[in-house]
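A closer look at the structure
The chain contents come next:
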Amino acid sequence: MGVVFVTSSHWLGADAGYLLGFGFYWLFWCLLVPRALLGKAEFASILRDRAPLFNRPNWLAALLWLAVTLIAVLMYAREFLHAPLSMILLAVPLAALNGFCEEILWRGLYVRLFPRNPWLGILYPSLGFALWHLAPQVIFPAENVIGFVVSTFFLALSYGCIAWRTGSAKWTAISHSLSGILALSGYLAPSVLALIKF
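Reference entry: report on the structure contained in this document. (Residues numbered from 1 in each chain as written. Predicted model: local features only at pLDDT ≥ 70, side-chain atom pairs only at ≥ 80, totals over all residues. Heavy atoms only, no water.)

All right, on to helix 8 (residues 170-182) then. Taking 1.5 Å of rise per residue, the 13 residues of helix 8 would be expected to cover 18 Å, and the 19 Å separating its terminal C-alpha atoms lies within 8% of that figure. Taken as a whole, helix 8 has its buried residues at W171, T172, A173, S175, H176, S177, S179, G180, I181 and L182. Buried residues in helix 8 make contact with helix 4 (59-81), helix 5 (85-113), helix 6 (118-132) and helix 7 (145-166). Backbone geometry just after helix 8 places L184 at a positive phi near 60°. (Helix = DSSP H or I, 4+ residues; strand = E, 2+ residues; numbered from the N terminus. Expected span 1.5 Å × (residues − 1). Buried < 20%, exposed > 50% of the residue type's maximum accessible area, 1.4 Å probe, protein only. Contact = heavy atoms within 4.5 Å.)

What follows is the structure, given as structure tokens:
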């Protein structure tokens, strides 16, 4: 994916290349690959809980979900409330698309493929999720690239545990999307705005 981002940004410029890179990632890796590996019926049910999150046996996973989601609200709500309406209107669909696509790939796929192996169902995809975040940073690097990647690893571990307990990507996709909306979708919405203003 790093090569896709570099190549597309050289062809189209940073903003369009960033968006094209994410478009390819969502379509190919997040949707087509899980669909091919799981089959039609299993893929269609990837957002359907096998065990409810908010029930007595899953109380710890539910508490973890609430904590992770609340942390995102506390981290990003202030900036969100002061953002221009145009940014918010773009961030909502882009962050929801990204949140659901990424959770289908990094949580839903793995907990469905490896329902009895926490190493392959939680740990391995958490590492992959963290490393994946290096790819788009070839265009727009974070202030602290390593810190950002490490923090996404621990977030992914939390999401992995939640998905593992429920057997689906539904709750992690909701939390991920909400976080992305509050964070104004990272560089997705600003890239669209830059292209529209151009």
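So, about a nonpolar patch on the surface. On the surface, F24, L27, F28, W29 and L32 cluster together to form a nonpolar patch covering roughly 460 Å² of accessible area. Topologically, F28 is positioned in helix 2 (residues 14-38). Using a relative accessible area of 33% as the deciding quantity, one classes F28 as partly exposed. (Patch = residues over 30% accessible without salt bridge, like charges linked within 9 Å, V, L, I, M, F, W, Y side chains within 5 Å. Areas by Shrake-Rupley, 256 points an atom, 1.4 Å probe, with all protein chains shown as cover. Salt bridge = Lys/Arg side-chain N within 4 Å of Asp/Glu carboxyl O.)

Applying the stated criterion across every chain, the model contains 21 aromatic pairs. Taking the centre distance of 6.2 Å and the plane angle of 80° together, the rings of Y18 and Y187 count as edge-to-face. Of the two residues, Y18 sits in helix 2 while Y187 sits in the loop between helix 8 and helix 9 (188-197), which places them 169 residues apart along the sequence. Taking relative accessible area as the criterion, Y18 reaches 6% and is therefore assigned buried. Both rings, one in W65 and one in W171, keep their centres 5.3 Å apart while their planes meet at 80°; by these two values the pair is edge-to-face. One end of the pair, W65, is in helix 4; the other, W171, is in helix 8, with 106 residues separating them in the sequence. As far as the burial class goes, W65 and W171 line up, both buried. (Phe/Tyr/Trp six-rings, centres within 6.5 Å; stacked < 30°, edge-to-face > 60°.)

Turning our attention to the layout of surface pockets. In this structure, the largest pocket encloses a volume near 1000 Å³. In terms of lining residues, the largest pocket is bounded by 34 residues, among which Y76, H133, F148, T152 and A183 are the most central. When residues in the lining of the largest pocket are grouped by element, the largest group, seven residues, is from helix 7. Looking at the lining of the largest pocket residue by residue, the class counts come to 21 nonpolar, 11 polar and two charged. Estimated volume of the second largest pocket: approximately 160 Å³. Lining the second largest pocket are M1, Y25, W29, V33, L105, W106, Y110, Y124 and W132. Breaking the lining of the second largest pocket down by element, the ones donating at least two residues are helix 2, helix 5 and helix 6. In the lining of the second largest pocket, the residues fall into nine nonpolar, no polar and no charged. (1 Å grid on protein atoms, 1.4 Å probe; cavity = no way out; pocket = protein on both sides within 12 Å on 5 of 7 lines; lining within 4 Å. Points joined across faces, edges and corners; volume = space filled by probe spheres on them. Nonpolar A, V, L, I, M, F, W, Y, C, P; charged D, E, K, R; others polar.)

When you line up the elements, R107 lands in helix 5. A polar atom in the side chain of R107 sits 2.7 Å from the side chain of E103. Among residues more than four places away in sequence, those in contact with R107 are E102, F129, A156, Y159, G160, A163 and T172. (Polar contact = N/O pair within 3.5 Å; in protein donor to acceptor, adjacent residues only side chain to side chain.)

With 34 residues, the main nonpolar core has F22, Y25, W26 and W132 as its most contacted residues. Contributing elements (two or more residues each) for this core: helix 2, helix 5, helix 6, helix 8 and helix 9. Broken down by element, the residue count for this core peaks at 11 residues, all from helix 5. Excluding residues that lie within four positions of it along the chain, F22 makes contacts with F5, N98, W132, P136 and L188. (Core = buried A, V, L, I, M, F, W, Y, C linked by side-chain atoms within 4.5 Å.)

Turning next to the packing of helix 2 against helix 9. Remark: helix 2 packs on helix 9, axes separated minimally by 9 Å, with the N-to-C direction vectors making an angle of 130°. In terms of their interaxial angle, helix 2 and helix 9 are classed as oblique. For the pair helix 2 and helix 9, the crossing hand works out as left-handed. Between helix 2 and helix 9, the contacting residues are D15, A16, Y18, L19, F22 and W26 on the first element and L188, S191, V192, A194 and L195 on the second. (Axes fitted to C-alpha atoms, helices over the stretch in contact; angles between N-to-C directions. Parallel < 35°, antiparallel > 145°, perpendicular 65-115°, else oblique. Left-handed = near helix turned anticlockwise from the far one by under 90°.)

The next thing to look at is the packing of helix 5 against helix 9. One way to put it is that helix 5 packs onto helix 9 with a least axis distance of 8 Å and a crossing angle of 130°. Relative to helix 9, helix 5 is oriented oblique. Judged by the sense of rotation from one axis to the other, the crossing of helix 5 with helix 9 is right-handed. On helix 9, the residues touching S86, M87, L90, A91, L94 and N98 of helix 5 are L188, A189, P190, V192 and L193.

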